[in-house]
Amino acid sequence: MPDNSLIVPTHVGIIMDGNGRWAKKRGLPRSVGHTYGAQNFRKITRYISKRGVKVLTLYAFSTENWKRPKEEVSALMKLFHQYLVDSLTDFREDDIKVVFIGDRTAFGPELVKLIDETEEVAKDRKGMLLNIAMNYGSRAEIVEAVKELCHEVRDEGLDPDKITEKDISDRLSTGGLPDPDLIIRTGGEFRLSNFLLYQSAYSEFYSTETLWPDFHEEDFEKAVSVFNHRNRRFGGV
Ligand code: FPP
């Protein structure tokens, strides 16, 4: 049961880690862990939206994940396809607006088409914004923002001395959105792994040993409760 006295973070980021270990513990191939992880993606997204979070950013595939064995990458691509199709109904019912961040050009044409269609059908929805980070890397995103500013200096007379932090954040794929208040990482590691590096300057970080396929409603509530006990000072006293 959610504790309605808790403040719900406006923007939550989740690094969904531990699918492989979840499968290994059960003597199953890693791809089975990803299947359960994808099922959980669908379920927990709906719960988080109902809980009143305004923006949810999920790390589904990093620019570094291409280094995994070919069979695992191809199983993940199939899952993205299948679960995006399946989730479309749920997300419509919940009025969830879906946006993809990251470099989609590296995906196959069918997946790119599905990504484009998913965004198109969801574009007027008013509920939670779901950013799915796929082939996403925060350093690459920062490089792109810097390139854009350099072009504006060269071609549009932007004064380099007037460039602000906001000018950079506006040019990131999360431009215009509030920074994440809370970043959750499942699977027990304590690192950001190239996720929302610029945006997370003052985010609260919550790491849990729970593996992603086992991260359910009550685990999210625990993270929200811990978040409520943090003293956010944003560099002040
Ligand atoms: C990390 O676990 C997980 C991934 C690289 C993939 C995350 C993707 C999903 C949960 C599916 C999401 C589905 C959609 C449709 C967006 P790992 O393999 O690194 O686990 P390990 O650390 O135990 O090896």
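On a predicted model such as this, the values are computed, not experimentally measured, just so you know.

Once that is clear, we can look at the site of the ligand. Neighbouring the ligand are 18 residues; D17, G20, R21, R30 and R68 lie closest to it. In the environment of the ligand, an oxygen atom lies 3.2 Å from a nitrogen or oxygen atom belonging to the backbone of G18. The backbone of R21 places a nitrogen or oxygen atom 2.7 Å from an oxygen atom of the ligand. Calculation on the ligand without its partners gives an accessible area of 630 Å², and the protein chains cover 92% of this total. Here the ligand occupies the largest pocket.

This paragraph deals with the nonpolar core. With 41 residues, the main nonpolar core has I14, L111, L130, I132, M134, I184 and F220 as its most contacted residues. Top contributing element to this core by residue count: helix α3 (residues 70-93), with six residues. Ignoring anything within four residues of it in the chain, the contact list for I184 reads V12, G13, I14, I15, Y206, F215, F220 and A223. A133, Y136, I183 and F195 belong to the second largest nonpolar core, which has eight residues in total.

Moving on, we come to the environment of A223. Along the chain, the position of A223 falls in helix α7 (residues 217-228). With a relative accessible area of 0%, A223 lands in the buried category. Separated by 198 residues in sequence, A223 and K25 place their C-alpha atoms 24 Å apart. Those residues in contact with A223 that sit more than four places away from it in its chain are L182, I184 and Y206.

Our next topic: the packing of aromatic side chains. Under the definition given, this model contains 13 aromatic pairs. A ring pair is formed by F41 and F91, whose centres lie 6.0 Å apart and whose planes are at 80°; its orientation type is edge-to-face. Remark: F91 occurs in helix α3 and F41 occurs in helix α2 (residues 30-50); sequence separation between them is 50 residues. For the residue pair F41 and F91, the accessibility class agrees, reading buried in each case. Seen from their ring centres, F61 and W66 are 4.9 Å apart, and the 75° between their planes marks the pair as edge-to-face. With relative accessibility at 0%, the residue F61 sits in the buried group.

Counting buried positions over the five residues of strand β1 (residues 11-15) gives five, a clear majority of the element. Residues of β1 alternate between two faces, with H11, G13 and I15 on one and V12 and I14 on the opposite face, all of them buried. As paired strands, β1 and strand β2 (residues 55-62) are joined by five bridges and run parallel to one another. Within the sheet, the bridge partner assigned to V12 lies in β2 and is L56. Two strands pair when backbone bridges link them, and β1 and strand β5 (residues 182-185) are joined in this way by four bridges, in the parallel orientation. When the bridges of β5 are listed, V12 appears paired with L182.

Below, the discussion takes up helix α4 (residues 109-122). End to end, α4 covers 20 Å across 14 residues, agreeing with the expected 20 Å (1.5 Å per residue, within 8%). Residues of α4 that are buried: L111, V112, L114, I115, T118, E119 and A122. Along the axis of α4, the buried residues cluster in a sector spanning 165°; they form a single face. Exposed side of α4, more than 90 degrees from the buried face: P109, E110, K113 and V121 are the residues found there. Where the residues of α4 are buried, they touch α3, β3 (97-101) and β4 (129-136).

What counts and what doesn't
Residues take numbers from 1 onward in each chain, read along the sequence in its written order. Under the rules for a predicted model, residues below a pLDDT of 70 receive no local features and side-chain atom pairs below 80 are neither given nor counted, while totals for whole chains, interfaces and linings still include all residues. Excluding hydrogens and water, the side-chain values take into account all heavy atoms of the structure. Whether a residue is near a molecule or strand depends on its heavy atoms: if one lies within 4 Å, it is near. N or O atoms within 3.5 Å of each other form a polar contact, as long as, within protein, one can give a hydrogen and the other can take it, and as long as residues adjacent in sequence are counted only when both atoms are side-chain atoms. Only the protein chains shown count as cover for residues, and the accessible areas themselves come from Shrake-Rupley with a 1.4 Å probe. With a 1 Å grid laid over protein atoms only, a set of points is called a cavity when a 1.4 Å probe fits there but cannot get out and a pocket when it is open yet has protein on both sides within 12 Å along at least five of seven lines; lining residues have an atom within 4 Å of a point. A molecule is counted as occupying a cavity or pocket when more than half of its atoms fall within 2 Å of that pocket's grid points. Joining through side-chain atoms within 4.5 Å is the link that ties buried Ala, Val, Leu, Ile, Met, Phe, Trp, Tyr and Cys residues into a set, and such a set is a nonpolar core. Burial here depends on accessible area, computed with a 1.4 Å probe over protein chains only, as a share of the maximum for the residue type. Under 20% is buried, over 50% is exposed, and the range in between is partly exposed. By definition, any uninterrupted DSSP run of H or I lasting at least four residues is a helix, any uninterrupted run of E lasting at least two residues is a strand, and each is numbered from the N terminus. Residues are treated as being in contact if the distance between any of their heavy atoms lies within 4.5 Å. Two rings from Phe, Tyr or Trp (for Trp, the six-membered ring) form a pair when their centres sit within 6.5 Å of each other. Planes less than 30 degrees apart are called stacked, planes more than 60 degrees apart edge-to-face, and all others tilted. A strand pair is defined by DSSP finding two or more bridges across the two strands. Between the first and last residue of a helix there are one fewer steps than residues, each counted as 1.5 Å, and that sum is the expected span. Within this analysis, the arc is defined by the directions that extend from the helix axis to the C-beta atoms.

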